[in-house]
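# Understanding the architecture of this molecule
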Amino acid sequence: MGKLFRDLWKHRAAVLLIVLLLIGQAYCDLSLPSYTSDIVDVGIQQGGIENAVPERMREETFNNIALFLTEDERALAEESYTLAEGVRELNTRDRQTIEQLDEAFGLPMVILSSLEESGMDLSGLSQAMLNSGLTDEAIEGIRKQALESMGDMSDSIISQRAVLFVQSEYEAMGMDLGQVQMSYLLTTGAKMLGLTLLMVATAVLSGLLSSRTAAKIGMELRGQVFTKVLSFSNNELNKFSIASLITRSTNDIQQVQMVEVMLLRMVLYAPIIGIGGIIRVAGTRTGLSWIIVVAVVAIFILVMALLFVAMPKFRKMQTLVDRLNLVAREILTGLSVIRAFDREKYEEERFDTANKNLMKTQLFTNRVMNIMMPAMMLIMNGVTVMIIWFGGHGIDAGTMQVGDMIAFITYTMQIVMAFLMITMISVMLPRAGVAADRIQEVLDTPLSIHDAPVVRDGELENAKGELRFEDVSFRYDGADEDALEHISFTAKPGETTAIIGSTGCGKSTLIHLIPRFYDVTQGRITIDGIDIREISQEKLHSLLGFVPQKGNLFSGTIASNIKYGGDWITDEKMKEAAQIAQATEFIETRPDGYDSPVAQGGSNVSGGQKQRLSIARAIAKSPKIFLFDDSFSALDYKTDAQLRKALHEKTGDAAVLIVAQRISTILHANRILVLEDGKIVGDGTHEQLLESCAAYQEIARSQLSESELKGKGGGTNRKVVPENGSRRFSPEADAACSGRKEAARHE
């Protein structure tokens, strides 16, 4: 789970900006309910008069109010109003000053209203009281007596009656009260509209930044996983299935990316809006804060109960997705075999089982989570009913206004929604946490194949390509026995070294040790006397032209596949490689030639064409050492012979290692190694092995005709040694062998 937050910490500048935008959004969001409350309480109920501070009032009214003010309050009032033609105009907009005047004017206005209701004429009141010699102590006594008469509801009564006093003053001055009310409503509405637009802008910007940040995190994770997997040896690839690596690179990273967006948009916003809502609620002074505590406790209990039930299933879900991907991949890649063996029904049932297991788990989690929303709505509606019930009693008692209750409901819903957002993300976090752990498992996998701290690449600038195995043994991880034991031989430049043996004897394993798909367990492999573990992998692979047992092409064109070894390969080099690999005969028959499209995996070319393109790809690279891992198996005898003839003519200075099943492919190799149970049981030329190696003789009897065996591979009819003395290839002998082989087949 901490991995999710570590990824965010790498983008802390963007996260900080998002937080600032969310604070701005929350401020706007939390300000709107108070304006709604003002519209109800002030704009509608109070006719647009906010407080007991009139914008304008008659000089006589001002003097009457001043009678019941303290000396400091009277000085503040004199300073805040300007007299002009018998009318006092408010000359300040300072909020603190207005609040002080509101508090000072309220009680005098209530006293004056009471005197007026008793039938007293207020005109000339100030002069009469001054003439009567009323002292400040007497005025203070009147104020205290008025407050005592109002009891516990003094604040509410003072506020309401002061507003009525201001209304009557405006009316006495001939002001349009409707215009006053409309002006207030329009002003407040404009403020609400401005806040709404600002909130929309901050929400859009924070959403954009959140999406971009999460997308960047997803891109970085995909790049890290891809780079890591590219550096995996076969040991690491065997640890993870291909289906699992695909799931981790796609579905798991998508889960993390989606949750990162939620973390930035919801988890960060929820505490901001929640804390802000609590502060606002505390400012309403409704006495209903205990309802929020009840709601939060109820939500917490609900969420914990649901997560306790659903959490194990979330952890299981990713494993089931892996299983489904594995089954689907096996079925799709083995479709021809499935049809050939009439196993469609069996595979349908196997896929259906994996599919249903995932479906059942998803249905269970969805059903559990679907309980959450109705339960949340029940809590929210229950809270609303409680607020209205207890708030209604407060309004009836005069301790609360309607607008305050509306604002309280809104703030409470915002607080509850904040917890709801956290709840929703808490549902997704377990699955994302599992996905993040699975991604991290790939990234934390130690590499068994890595470059030495100091490499000797500089000594191979003019490499000859002499390959040597020195007492090499190899054992797979977890195996009880060695797959190869004490292998020693030298493959020299300009010569062909062939490896043959029964299935499972270790031929491909031996070839895979050279490019360091695995590292030797014992002994060492050298190129020009340098241990390949002291050569960087990049340099090592640049010296090798590897053609795997199963030709693998990439989506693109024929040209892009042949030039896969590097951008430096020219068109001329590409065409030459295709000609050597005997691929031009089918390339040139295609309308687009070398620009002909190649489907993923080379599914739109035949097996033989795929092998020839794979061989051309290796030839175009011009390596010092060729590694052919049973790479001629899909070729007919004629194409096989022609290809090897052209290869001999064009690559005479390179060392060639051939793993083969057919003796005809390696018949004229300079050296043939016979493997059996991971050991070399035969070493020599074809003729020598026919004389001395029982294992080779057994292979030969299964593949060669009786006449070929008696002639030890062709007798006088076969030209074994070319005029130049090389034993590498003999095309004429190959052709003769091919003809005899075909004749034997027809017989």
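What you see is a predicted model, and the numbers here were worked out from it, not measured in a lab. (Residues numbered from 1 in each chain as written. Predicted model: local features only at pLDDT ≥ 70, side-chain atom pairs only at ≥ 80, totals over all residues. Heavy atoms only, no water.)

### Points about the overall build of the chain
The cut-off we apply is this: Working definition: helices are DSSP H or I runs of at least four residues, strands are E runs of at least two. Numbering for both runs from the N terminus. The rule is simple: take the accessible area with a 1.4 Å probe, protein chains only, and divide by the maximum for that residue type; under 20% is buried, over 50% is exposed, in between is partly exposed. Residues are treated as being in contact if the distance between any of their heavy atoms lies within 4.5 Å. Throughout, the Shrake-Rupley method with a 1.4 Å probe supplies accessible areas, and for residues the shown protein chains are the sole cover considered.
Check the secondary structure of the chain and you find 28 helices and 15 strands. Counting only residues that meet the buried cut, the chain has 47% of its 747 residues in that class. Long-range pairs, those at least 24 residues apart, make up 78% of the contacts in the chain with a sequence separation of at least 6. A total accessible area of about 37100 Å² is found for the chain, and carbon and sulfur atoms account for 56% of it.

### Things to note about the sheet that holds strand β6 (residues 496-501)
Put simply, the test is: Pairing between two strands is assigned when DSSP locates at least 2 bridges connecting them. For helices, the axis comes from a line fit to the C-alpha atoms of the stretch in contact; other axes are also lines fit to C-alpha atoms, and the angle between any two N-to-C directions lies between 0 and 180 degrees.
With respect to topology, six strands assemble into an open sheet ordered β9-β12-β13-β6-β14-β15, the strand pairing being mixed. Edge strands, defined here as strands with exactly one partner in the open sheet, are β9 (544-547) and β15 (679-684). For this sheet, the mean angle separating the axes of adjacent strands, direction not counted, is 15°. Pairing of strand β12 (residues 625-629) with strand β13 (residues 655-659) involves five bridges; the strand directions are parallel. Bridge pairing in β13 places Ile 625 opposite Ala 655. Docked against the sheet, helix α26 (residues 694-703) engages β6, β14 (671-676) and β15, running at close to 95° with respect to β14.

### Quick word on the pattern of salt bridges
Filter applied, for reference: One side-chain nitrogen of Lys or Arg within 4 Å of one carboxyl oxygen of Asp or Glu is enough to make a salt bridge.
In total, this model carries 24 salt bridges according to the counting rule given. We note a salt bridge from Arg 438 to Asp 252, for which the minimum N-O separation is 2.6 Å. With Arg 438 in helix α16 (residues 402-444) and Asp 252 in helix α11 (residues 242-267), this residue pair connects regions lying 186 residues apart in the sequence. Classification of Arg 438 by relative accessible area gives buried; the value is 9%. We note a salt bridge from Arg 350 to Glu 347, for which the minimum N-O separation is 3.0 Å. Linking Arg 350 with Glu 347, this pair stays in helix α15 (residues 344-397), spanning three residues, or about one helical turn. According to the relative accessible area criterion, Glu 347 is buried, its value standing at 12%.

### Focus: unusual backbone geometry
Note on backbone geometry: most residues besides glycine have negative phi, and most peptide bonds are trans. Even without glycine at this site, Asp 471 takes up a positive phi of about 50°. Within the fold, Asp 471 resides in strand β4 (residues 467-474). One non-glycine residue, His 486, lies in positive phi territory at about 50°. The residue His 486 is located in strand β5 (residues 484-491) in this model.

### A short note on the packing of helix α2 (residues 12-45) against helix α9 (residues 177-230)
Rule in force here: Under this scheme an angle from 65 to 115 degrees is roughly perpendicular, one under 35 degrees roughly parallel, and one over 145 degrees roughly antiparallel; angles in between are oblique. Helix crossings get a hand from a simple test, with the near helix turned counterclockwise from the far one by less than a right angle marking a left-handed crossing and a clockwise turn marking a right-handed one. Under the grouping applied here, Gly and all other residues not named as nonpolar or charged are polar, the nonpolar ones being Ala, Val, Leu, Ile, Met, Phe, Trp, Tyr, Cys and Pro and the charged ones Asp, Glu, Lys and Arg.
Here α2 crosses α9 at 160°, and the two axes come no closer than 8 Å. Looking at the two axes, α2 sits roughly antiparallel to α9. When you trace α2 past α9, the crossing you get is left-handed. Of the residues that constitute the contact of α2 with α9, the class distribution is 21 nonpolar, twelve polar and three charged.

### Here's the deal with the confidence of the model for the chain
The following threshold applies: The quantity called pLDDT is the predictor's confidence in a given residue, expressed from 0 to 100.
Summarising the model, the chain shows a mean pLDDT of 82, and 89% of its residues fall at 70 or more. Across residues 713-747, where pLDDT falls below 50, the model places 63 contacts with residues more than four positions away in sequence or in other chains.

### Focus on α11
Stated precisely, the cut-off is as follows: In a helix, the anticipated span is given by 1.5 Å times the number of residues less one. Bend is computed residue by residue as the angle between axes fitted to the seven residues ending at the residue and the seven residues starting at it.
For α11, with 26 residues, the first-to-last C-alpha span of 35 Å sits near the 38 Å given by 1.5 Å per residue. Largest kink in α11: about 35°, centred on Arg 248.

### Examining helix α23 (residues 637-650)
For α23, with 14 residues, the first-to-last C-alpha span of 20 Å sits near the 20 Å given by 1.5 Å per residue. If you check which residues of α23 are buried, you get Tyr 637, Thr 639, Asp 640, Ala 641, Leu 643, Arg 644, Ala 646 and Leu 647.

### As for the packing of aromatic side chains
The relation between two aromatic rings is expressed through the spacing of the ring centres and the mutual angle of the planes. To keep it simple, the criterion reads: Here a Phe, Tyr or Trp ring, Trp counted by its six-membered ring, pairs with any other such ring whose centre lies within 6.5 Å, and the pair is stacked when the planes are under 30 degrees apart, edge-to-face when over 60, and tilted otherwise.
Tallied over the full model, the rule gives eleven aromatic pairs. On the numbers, 4.9 Å between centres and 80° between planes, the contact of Phe 474 with Tyr 476 is edge-to-face. Taking the relative accessible area as the measure of exposure, Phe 474 reaches 2% and is therefore buried. By relative accessible area, which is 30% here, Tyr 476 ends up partly exposed. Ring centres of Phe 626 and Phe 628 lie 5.7 Å apart, and the angle between their planes is 5°; this geometry places the pair in the stacked category. When sorted by exposure, Phe 626 lands in the same class as Phe 628, which is buried. Here a set of aromatic residues connected by ring pairs shows up, and it is made of Phe 62, Tyr 81 and Phe 105.

### Some thoughts on the sheet that holds β5
Spatial strand order, β5-β4-β7-β8: four strands in an open sheet with antiparallel pairing. Each of the sheet's edge strands pairs with one partner strand only, and the pair in question is β5 and β8 (530-531). Sheet topology note: the β4/β5 ladder contains five bridges and is antiparallel. Counted as the bridge partner of Phe 474 is Leu 484 from β5.

### Notes on the side chain of Asp 457
Here is the rule we go by: In this charge count, Lys and Arg are treated as positive and Asp and Glu as negative; neither His nor the chain ends contribute. Distance and chemistry together define a polar contact, namely a pair of N or O atoms within 3.5 Å, with one atom able to donate a hydrogen and the other to accept it when in protein, and with adjacent residues in sequence counting only for side-chain atoms on both sides.
Residue placement: Asp 457 occurs in the loop between α16 and β4. As a buried residue without a salt bridge, Asp 457 has its nearest oppositely charged side chain in Lys 539, at a separation of 6.8 Å. There is a polar contact of 2.5 Å between the side chain of Asp 457 and the side chain of Ser 536. Those residues in contact with Asp 457, other than ones at most four positions away along the chain, are Ile 535, Ser 536 and Lys 539.

### Concerning a nonpolar patch on the surface
Quick note on the threshold: Each patch is assembled from residues with relative accessible area greater than 30% and no salt bridge, linking like charges that lie within 9 Å and nonpolar side chains (Val, Leu, Ile, Met, Phe, Trp, Tyr) that lie within 5 Å.
A contiguous nonpolar patch, built from Val 293, Val 297, Phe 300, Ile 301 and Met 304 and spanning about 490 Å² of accessible area, is present on the exposed surface. Residue placement: Val 297 occurs in helix α13 (residues 289-333).

### Here we look at the environment of Tyr 564
Along the polypeptide, Tyr 564 turns up in the loop between α19 (558-562) and α20 (571-580). Separated by 50 residues in sequence, Tyr 564 and Ser 614 place their C-alpha atoms 9.9 Å apart.

### Some details on the nonpolar core
Condition: In plain words, nonpolar cores are sets of buried Ala, Val, Leu, Ile, Met, Phe, Trp, Tyr and Cys residues tied together by side-chain atoms within 4.5 Å.
Counting 72 residues, the largest nonpolar core has Leu 4 and Ile 387 as the members making the most contacts within it. Every element with two or more residues in this core is listed here: α1 (2-9), α2, α9, α11, α12 (269-284), α13, α15 and α16. Counting residues per element, this core draws most heavily on α16, which supplies 19 residues. With residues up to four places along the chain from it excluded, the contact list for Leu 4 reads Val 256, Val 259, Glu 260, Leu 263, Leu 429, Ala 432, Gly 433 and Ala 436. With 50 residues, the next largest nonpolar core counts Val 547, Phe 628, Val 674 and Tyr 696 among its residues.

### Quick word on the environment of Glu 236
Relative to the elements of secondary structure, Glu 236 occurs in helix α10 (residues 234-239). Sequence-wise, Glu 236 and Val 442 are 206 residues apart; in three dimensions their C-alpha atoms are separated by 9.2 Å. Residues within four places of Glu 236 in sequence aside, it is in contact with Thr 445, Pro 446, Leu 447 and Ser 448. Separated by 2.6 Å, the side chains of Glu 236 and Ser 233 make a polar contact. In this structure the side chain of Glu 236 is engaged in a polar contact, spanning 2.8 Å, whose partner is the side chain of Ser 448.

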